[in-house]
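# Structure at a glance
So you can see what is in the structure, the chains are spelled out below.
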Amino acid sequence: MAEALGGSRALVPGLRVGHFTDLEALTGSTVVLVEEGAVGAVDVRGAAPGTRETDLLSPENTVEKVQAILLTGGSAFGLRAADGVVRYLAERGKGFPTPGGVVPIVPAAVLYDLGRGRIHRPPGVEAGYQAALAAGERVEEGSVGAGTGAVAGGVKGGVGLAGYLLEEGHRVMALVAVNSLGRPFDPQTGRLYGEALLAEEERALLPDRSRYQGGPEDYRYPFLLGQNTTLAVVATDAPLSKAQARRLAIMAQDGIARAIRPAHTPLDGDLVFALALGEGKGVDPYILLRLGAYAADAVTRAILRAVLLSGSAPGIPAYRDLMG
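The text that follows walks through the structure, step by step, so that each part is easy to find.

Thresholds, definitions, all that
- Residues numbered from 1 in each chain as written.
- Predicted model: local features only at pLDDT ≥ 70, side-chain atom pairs only at ≥ 80, totals over all residues.
- Heavy atoms only, no water.
- Helix = DSSP H or I, 4+ residues; strand = E, 2+ residues; numbered from the N terminus.
- Rg over C-alpha atoms; globule rule 2.2 N^0.38 Å.
- Buried < 20%, exposed > 50% of the residue type's maximum accessible area, 1.4 Å probe, protein only.
- Axes fitted to C-alpha atoms, helices over the stretch in contact; angles between N-to-C directions.
- Parallel < 35°, antiparallel > 145°, perpendicular 65-115°, else oblique.
- Left-handed = near helix turned anticlockwise from the far one by under 90°.
- Contact = heavy atoms within 4.5 Å.
- Nonpolar A, V, L, I, M, F, W, Y, C, P; charged D, E, K, R; others polar.
- Phe/Tyr/Trp six-rings, centres within 6.5 Å; stacked < 30°, edge-to-face > 60°.
- Lys NZ or Arg CZ within 6 Å of the ring centre and 35° of its normal.
- Core = buried A, V, L, I, M, F, W, Y, C linked by side-chain atoms within 4.5 Å.
- Pairing = 2+ DSSP bridges.
- Salt bridge = Lys/Arg side-chain N within 4 Å of Asp/Glu carboxyl O.

Scanning the protein chain for helices and strands turns up 6 helices and 12 strands. In summary, the protein chain has a C-alpha radius of gyration of 18 Å against a globular reference of 20 Å for 324 residues, a match within 12%. The principal-axis extent of the C-alpha atoms belonging to the protein chain is close to 65 × 45 × 35 Å. The buried share of the protein chain, taken over its 324 residues, is 58%.

Here it is in structure tokens:
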């Protein structure tokens, strides 16, 4: 068994999350800080990713630990925000030790939100720095940070956080920024895909769908293509090895497919980062199996929370408003 945790209660101790939100440009950045380092990994399933420093996360490569993960809007322009997180960490002496000083390791991934705000101002160095300065243990969800200008299958996307406390004592969480081509809901009934996984208190967020009328899914989209991505960070306090963290990321990808149809398309840049606190000595395969299964469930719930907690934006209806 496991206890479902939502919002800030889901945050794994040792991590901090910060947002930079630009409402005028409808974009922003979200940083997950782990200044003392965590074993990192990544799994990329979308065909249109925009990333930085993901190669070093391969299990066979030298660097074991990262100090932060950045999720950001702004498409390729937004990768500059990682330099701001690097600056924040370098000022505090946090990073990979080298003869010339520490080098902060900050893998990053972008989503496409260009043209959705009143002005063109993708996140830059200062956005990343401010997101790091704002990092704490209380995590805002909805249309904030990397999810500020996000769209999920024609409704407003955003940022969501969910997790589980396993009976073995380990925690696993998922933080997502959902900006998907596929819909998070059945267009005929309005029912959210993955709704069965919601915790009881999360079901209170569901809108009244009694007046909703729609047609069957035909996988045709009236909105622009090639501007989509779901980004996730899954984290655990279990001391996974680098290879096991990679398996955690792989298993967590299933949570995207349960919450969004279709997922991992030629027009999305879907990816999942994994973080594991501890010394990286590894865990029993059965524990890893359970962590990965709950990580996938957490990703699904985090996506649904993002959609349920996001308000509308100009030209982008919120899910709850569409249902009404």
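For the rest of this paragraph, the subject is the packing of helix α4 (residues 242-259) against helix α5 (residues 285-309). Where α4 meets α5, the closest approach of the two axes is 7 Å, and the angle between their N-to-C directions is 40°. Relative to α5, the element α4 is oriented oblique. Viewed along their axes, α4 and α5 form a crossing whose handedness is right-handed. For the pair α4 and α5, contact is made by Gln244, Arg247, Leu248, Met251, Ala252, Asp254, Gly255, Ile256, Arg258 and Ala259 and by Leu288, Leu289, Leu291, Gly292, Ala293, Ala295, Ala296, Asp297, Val299, Thr300, Ile303 and Leu304, respectively. Of the residues that constitute the contact of α4 with α5, the class distribution is 14 nonpolar, 4 polar and 4 charged.

We now examine the packing of aromatic side chains. In total, this model carries 3 aromatic pairs according to the counting rule given. Ring geometry for Tyr164 versus Tyr294: centroids 4.9 Å apart, planes at 45°, classification tilted. Of this pair, Tyr164 sits in strand β9 (residues 158-166) while Tyr294 is found in helix α5, placing the two residues 130 residues apart along the sequence. Summarising the burial analysis for this pair, Tyr164 and Tyr294 share the class buried. One cation-aromatic arrangement involves Arg92 over Tyr88; the distance from NZ or CZ to the ring centre is 3.7 Å. The residue whose ring lies beneath Arg301 is Tyr164, and the NZ or CZ to ring-centre distance is 4.9 Å.

Taken together, the buried positions of helix α1 (residues 81-91) are Ala81, Ala82, Gly84, Val85, Val86, Tyr88 and Leu89. Check the buried side of α1 and you find it contacts β2 (16-22), β3 (27-44), β4 (51-52), β5 (65-72), β6 (108-110) and α2 (125-133). Positive backbone phi, approximately 70°, marks Gly93, located one or two places after α1.

Right, let's talk about the nonpolar core for a bit. In globular proteins that are soluble, nonpolar side chains generally tend to be buried together. Judged by nonpolar contacts, the single largest core of 45 residues is most densely connected at Val234, Leu240, Leu291, Val299, Ile303 and Tyr319. At the level of elements, β3, β9, β10 (171-179), β11 (229-236), α4, β12 (271-276), α5 and α6 (319-323) are the ones that each hand at least two residues to this core. If we skip the residues at most four places from it in the chain, Val299 touches Ala174, Val176, Val234, Ala252, Gly255 and Ile256. Grouped together as the second largest cluster of nonpolar side chains are 34 residues, Val34, Leu111, Val144 and Met173 included.

Bringing the pairing of β2 into the picture now. Alignment of β2 against β3, held across 7 bridges, turns out to be antiparallel. If you follow Val17 over to β3, its bridge partner there is Val32. The turn linking β2 back onto β3 is made up of 4 residues, and Leu26 within it adopts a positive phi angle of 50°.

Tracing the backbone shows Ala274 in strand β12. On the basis of relative accessibility, which here comes to 0%, the residue Ala274 falls in the buried class. In this structure the C-alpha to C-alpha distance between Ala274 and Ala82, which are 192 residues apart in sequence, comes to 17 Å. With sequence-adjacent residues up to four places away left out, Ala274 is seen in contact with Val39, Gly40, Ala41, Val234, Ala245, Leu248 and Ala249.

Next up on the list: unusual backbone geometry. A cis amide bond links Arg261 to the next residue, Pro262, at an omega of -10°. For Pro262, the location among the structural elements is in the loop between α4 and β12. Of note, the phi angle at Glu53 is positive, near 55°, even though the residue is not glycine. Among the residues examined, Glu53 registers a relative accessible area of 28% and is labelled partly exposed.

With that out of the way, let us pick up the pairing of β9. The element β9 is extensively covered by neighbouring structure, given that 8 of its 9 residues are classed as buried. With antiparallel pairing between neighbouring strands as the criterion, β9 and β10 make up a hairpin whose turn holds 4 residues, including Gly169 at a positive phi of roughly 100°.

As a further point, take the pattern of salt bridges. Tallied over the entire structure, the rule returns 18 salt bridges. Arg246 is the partner of Asp43 in a salt bridge, and the nearest nitrogen-oxygen pair spans 2.8 Å. Residue Asp43 is found in strand β3, and its partner Arg246 is found in helix α4; the two are separated by 203 residues along the sequence. In this structure Asp43 comes out as buried when scored by relative accessible area, which is 4%. One continuous salt-bridge network, built from bridges that share partners, spans Arg87, Glu91, Arg92 and Glu126.

Let us look at the environment of Leu309. Positionally, Leu309 belongs in helix α5. Filtering out sequence-adjacent residues up to four positions away, Leu309 remains in contact with Glu141, Gly142, Leu205 and Arg320.

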